[in-house]
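Per-entry structural report
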Amino acid sequence: NAGVTQTPKFQVLKTGQSMTLQCAQDMNHEYMSWYRQDPGMGLRLIHYSVGAGITDQGEVPNGYNVSRSTTEDFPLRLLSAAPSQTSVYFCASNPNEADPIRYTFGSGTRLTVV
Amino acid sequence: EDQVTQSPEALRLQEGESSSLNCSYTVSGLRGLFWYRQDPGKGPEFLFTLYSAGEEKEKERLKATLTKKESFLHITAPKPEDSATYLCAVRDYGGSQGNLIFGKGTKLSVKP
């Protein structure tokens, strides 16, 4: 039982490049989300999904796209990377959107945009 | 605007020296307060959920309490392995589904 798996662990992009951060969970969780963590700030929600085929925006969605074609996978796409997107990205899952939100987090992707 | 403020930002303790971490919050309607532990280079790990004032939860040397305006994470006789950043988060009825509002965290260091 791997939990939540994020790839890659580290990535350096040039401004304007695009890439996809991968997130997969093997717990059959319906609810998945993406957060970013920046120094001196709390984790902030980017996008979330309450089930396959359903996604919605969080607090800081600009510059990011998501899709949820299967229960297991929830990739995060950066369309045109900007230095402001340098951050650590965490994917998290929960059995469903109801309480309690005992998120299982992945180990993170550290992204640097130069 | 919903806010979560954690204090202190950093706390250094000697092994066995008990202390408390504070999380104060302002939300339109609390739907849960959460404590997580985060080790360097890792994702947060769930510790506790509290829902109503007066509620308490315990796990080993940690005890979380909740009032109408704040939560405390009490650490009794800490050990070096308790060193980590402790995150507080809240969920309110007015926010996006599932969105947790996180504080900036308290970095705890326990010296042997």
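So, a few notes on the structure that sits alongside this text. Note that the coordinates shown come from a computational prediction; the quantities given were computed from them, not determined experimentally. (Residues numbered from 1 in each chain as written. Chains lettered and ligands numbered in written order. Predicted model: local features only at pLDDT ≥ 70, side-chain atom pairs only at ≥ 80, totals over all residues. Heavy atoms only, no water.)

1. With respect to the overall build of chain B
The helix and strand tally for chain B stands at 0 helices and 11 strands. Reading chain B from its N end, one meets helices and strands in the order β-β-β-β-β-β-β-β-β-β-β. For chain B, the C-alpha radius of gyration of 14 Å lies close to 13 Å, the compact-globule estimate for 112 residues. Projected onto the principal axes, the alpha-carbon positions of chain B cover approximately 45 × 30 × 20 Å. Of all 112 residues assigned to chain B, the portion counted as buried reaches 47%. Across chain B, every contact between residues at least 6 apart in sequence was considered, and the portion connecting residues at least 24 apart equals 55%. Counting every atom, chain B has about 5600 Å² of accessible surface; 46% of that belongs to carbon and sulfur. (Helix = DSSP H or I, 4+ residues; strand = E, 2+ residues; numbered from the N terminus. Rg over C-alpha atoms; globule rule 2.2 N^0.38 Å. Buried < 20%, exposed > 50% of the residue type's maximum accessible area, 1.4 Å probe, protein only. Contact = heavy atoms within 4.5 Å. Areas by Shrake-Rupley, 256 points an atom, 1.4 Å probe, with all protein chains shown as cover.)

2. Some thoughts on the interface of chain A and chain B
One frequent convention defines the size of an interface as the accessible area lost when the parts assemble. Residue-level contacts link 21 residues of chain A with 21 residues of chain B. Surface buried jointly by chain A and chain B totals about 1700 Å² across both partners, of which 51% is contributed by carbon and sulfur atoms. For the pair chain A and chain B, the interface holds 4 residue pairs in polar contact (both at pLDDT 80 or more). Top element by residues in the side of chain A that touches chain B is strand β4 (residues 31-37) of chain A. It accounts for 3 residues. (Buried area = accessible area lost by both parts, 1.4 Å probe. Polar contact = N/O pair within 3.5 Å; in protein donor to acceptor, adjacent residues only side chain to side chain.)

3. Things to note about the state of the cysteines
Residues and elements named next belong to chain A. Taken as a whole and assessed by the stated rule, the structure comprises 2 disulfides over all chains. A sulfur-sulfur separation of 1.9 Å characterises the disulfide bridge that pairs C23 with C91. Disulfide C23-C91: the torsion about the S-S bond is -70 degrees, which places it as left-handed. Placement of the pair is C23 in strand β3 (residues 19-25) and C91 in strand β9 (residues 87-94), with a sequence separation of 68 residues. With a relative accessible area of 0%, C91 lands in the buried category. (Disulfide = S-S within 2.5 Å.)

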